[in-house]
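Residue-level listing of the chains:
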Amino acid sequence: FVKKVCTLAAAVSTVALMAAGAADAKNFKIAVGDSAGSPQEATGKFFIEALEQKSGGAHTATLFLNGQLGSEQDTVNEAAIGTLDMSLLAINNVTPFSPSVGVFTLPYVILSLEDAETLTQGPIGQELTENTLRDAGVRIIAWTYTGFRRLTNSKKPVVSVADLQDLVIRVPKNEIMIETYKSWGINPTPMAWSETFTGLQTKVVDGQDNPYMTINAMKFYEVQNHVTNLRYIFSIEPLIVSEAVFQDLSEDDQKMILEAGQEATRKSAQFLRDSEAAIKEELIAKGMEIVDPENDEAEFIQLATEGVWPQFYDSIGGVEKLNEVLAAIGRDPV
Ligand code: MLT
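So, here's what we can say about the structure. (Residues numbered from 1 in each chain as written. Predicted model: local features only at pLDDT ≥ 70, side-chain atom pairs only at ≥ 80, totals over all residues. Heavy atoms only, no water.)

Regarding the pattern of salt bridges
Step number 1: Counting across every chain of the model gives 19 salt bridges.
Step number 2: Note that lysine 321 and glutamate 127 form a salt bridge whose closest N and O atoms lie 2.8 Å from each other. Here glutamate 127 lies in helix 5 (residues 123–136) and lysine 321 lies in helix 14 (residues 319–328), a separation of 194 residues in the sequence.
Step number 3: Residue lysine 267 pairs with glutamate 263 through a salt bridge whose shortest N-O separation is 3.9 Å. Pair noted here: lysine 267 and glutamate 263 are both in helix 11 (residues 251–285), with a separation of 4 residues, about one helical turn. (Salt bridge = Lys/Arg side-chain N within 4 Å of Asp/Glu carboxyl O. Helix = DSSP H or I, 4+ residues; strand = E, 2+ residues; numbered from the N terminus.)

See the structure below:
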């Protein structure tokens, strides 16, 4: 009986390998910055599901959640040298390696999920993918849509720029985000994502910003109680693959990976549409108090767009690049 089962198992895996057109089965390692329940994890699962289905079960991947494989910025280095296969991380943590993707982190450029989809899935997304490949040795194969980064803190409701002044806010190690807070009058504290929960818990910092979905998945409600509905950045989080690893694959496998990435991108947008409103309610039920910035955020918007955009024209490829992005989402040029 045992022999029969073994023979059957061998036959099944041979069929799977033939279906994949691949000589050997793969189990890709995917670093994930966020925890279970996050949009990053959802995209990872969608990708794995599509990859397994397209390869007839021959290829799969494993998610290593919660920064287990290092800080998000470290994983870009690891993937660049080929010691890590893939990583799911926020675009703001790719920018230091490929400055032109900073156009997606400029404050108040992306104003909706639809803008994010248009930009990432159109020619601009394609161009930025090529730039990232050239600059950082990693290939963007899918996009996660996570929602607007909302400001949280442990001290008080913040509705105005004036309210921010005595708070210590953690930001990613990202120049655009650092300059944005400076335009609002404070010096933020750059800190790796993998250290942020502890930083909030030990009160080294009072607050941070990330989307509702991330705040919930990372359990920030345990150490933060105020949320301000800022909309300065719509968070998009690519799945990157090491180009060294990608180039080692057969053409069929490369095609499968790219298609699985496209499927994961489509499902990620749906996941956000289906889940975000309920997650916001969950945060309220868990004790977070959520407020809107006063005057429709006018002061935040004016200070950040006037103060920050011109500083980064050079690094994003000129003011023309920003105007191209704005035109693609139906906005007036600067
Ligand atoms: C960050 O704040 O560093 C990132 O946006 C975190 C994330 O990946 O969710």
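From this point, the discussion proceeds with the structure in view.
Considering the pairing of strand 8 (residues 207–210)
Each regular strand displays side chains that alternate between the two surfaces of the sheet.
Step number 1: Of the two faces of strand 8, both are covered, the one formed by Gly207 and Asp209 as well as the one formed by Gln208 and Asn210.
Step number 2: Sheet analysis places strand 5 (residues 150–153) next to strand 8, joined by 4 bridges and oriented antiparallel. Looking at strand 8, one finds that asparagine 153 is bridged to glycine 207. (Buried < 20%, exposed > 50% of the residue type's maximum accessible area, 1.4 Å probe, protein only. Pairing = 2+ DSSP bridges.)

Looking at the site of the ligand
Step number 1: Taken together, 13 residues surround the ligand, and among them Asp34, Gln40, Glu72, Arg149 and Arg170 come closest.
Step number 2: Side-chain polar atom of aspartate 34 to an oxygen atom of the ligand: 2.9 Å apart, as the coordinates give it.
Step number 3: Between glutamate 237 and the ligand, the recorded distance is 3.2 Å, taken from a side-chain N or O atom to an oxygen atom.
Step number 4: Protein contacts shield 100% of the accessible area of the ligand, which totals 270 Å² for the unbound molecule.
Step number 5: Among the residues forming the shell around the ligand, the class breakdown is 3 nonpolar, 5 polar and 5 charged. (Near = heavy atom within 4 Å. Polar contact = N/O pair within 3.5 Å; in protein donor to acceptor, adjacent residues only side chain to side chain. Areas by Shrake-Rupley, 256 points an atom, 1.4 Å probe, with all protein chains shown as cover. Nonpolar A, V, L, I, M, F, W, Y, C, P; charged D, E, K, R; others polar.)

Focus: the sheet that holds strand 3 (residues 86–88)
Adjacent strands of a sheet pair through backbone hydrogen bonds, lying either parallel or antiparallel.
Step number 1: Spatially, 5 strands are ordered 2-1-3-10-4 in an open sheet, and the strand pairing comes out mixed. Edge strands, defined here as strands with exactly one partner in the open sheet, are strand 2 (60–64) and strand 4 (138–148). Adjacent strand axes in the sheet meet at a mean angle of 20°, parallel and antiparallel pairs treated alike.
Step number 2: Relative to strand 10 (residues 234–242), strand 4 runs antiparallel, the two sharing 9 bridges. Each bridged residue has a counterpart across the sheet, and for tyrosine 145 the counterpart in strand 10 is isoleucine 236.
Step number 3: In the packing of helix 3 (residues 72–81) onto the sheet, contacts are made with strand 1 (27–32), strand 3, strand 4 and strand 10, and the angle to strand 4 comes to roughly 160°. (Axes fitted to C-alpha atoms, helices over the stretch in contact; angles between N-to-C directions. Contact = heavy atoms within 4.5 Å.)

Overview of the packing of aromatic side chains
Step number 1: This structure, assessed with the given rule, holds 9 aromatic pairs.
Step number 2: When the ring of phenylalanine 104 is compared with that of tryptophan 143, the centres are 6.0 Å apart and the planes differ by 75°; the resulting orientation is edge-to-face. Highlighted residues: phenylalanine 104 in the loop between strand 3 and helix 4 (113–121) and tryptophan 143 in strand 4, separated in sequence by 39 residues. Exposure class is identical for phenylalanine 104 and tryptophan 143. Each is buried.
Step number 3: Seen in terms of ring centroids, tryptophan 184 and phenylalanine 300 are 5.1 Å apart; in terms of plane orientation they differ by 85°. Their pairing is edge-to-face. Taken together, the positions of tryptophan 184 in the loop between helix 7 (175–183) and strand 7 (189–190) and phenylalanine 300 in helix 12 (residues 298–308) put the pair 116 residues apart, joining distant regions of the chain. When sorted by exposure, tryptophan 184 lands in the same class as phenylalanine 300, which is buried.
Step number 4: One residue, lysine 29, lies across the ring of phenylalanine 64, its end atom 5.6 Å from the ring centre. (Phe/Tyr/Trp six-rings, centres within 6.5 Å; stacked < 30°, edge-to-face > 60°. Lys NZ or Arg CZ within 6 Å of the ring centre and 35° of its normal.)

Concerning the packing of helix 4 against helix 11
Step number 1: Packing of helix 4 against helix 11 brings their axes to within 12 Å, and their N-to-C directions diverge by 175°. As the angle between them shows, helix 4 and helix 11 are arranged roughly antiparallel. Residue-level inspection shows Leu113, Glu114, Glu117 and Gln121 of helix 4 in contact with helix 11, the latter providing Thr265, Ala269, Leu272 and Arg273.
Step number 2: A class-by-class count of the residues in the contact of helix 4 with helix 11 yields 3 nonpolar, 2 polar and 3 charged. (Parallel < 35°, antiparallel > 145°, perpendicular 65-115°, else oblique.)

Thoughts on the sheet that holds strand 8
Step number 1: Read from one edge to the other, the open sheet built from 4 strands follows the order 8-5-9-11, with strand pairing classed as mixed. Since the sheet does not close on itself, it has two edges, and those belong to strand 8 and strand 11 (289–291), each with one partner. Neighbour to neighbour, the strand axes of the sheet diverge by 25° on average, direction disregarded.

Concerning the nonpolar core
Step number 1: Of all hydrophobic cores here, the largest spans 52 residues; its most connected members are Phe104, Leu106, Ile110, Tyr145, Phe234, Ile236 and Leu322.
Step number 2: Counting residues per element, this core draws most heavily on strand 4, which supplies 5 residues.
Step number 3: Not counting chain neighbours up to four residues away, the residues in contact with phenylalanine 234 comprise Ile110, Ser112, Leu113, Ala116, Tyr145, Thr146, Gly147, Phe148 and Leu272.
Step number 4: Ranked by size, the runner-up nonpolar core spans 24 residues in total, among them Ala42, Phe46, Met86 and Ala142. (Core = buried A, V, L, I, M, F, W, Y, C linked by side-chain atoms within 4.5 Å.)

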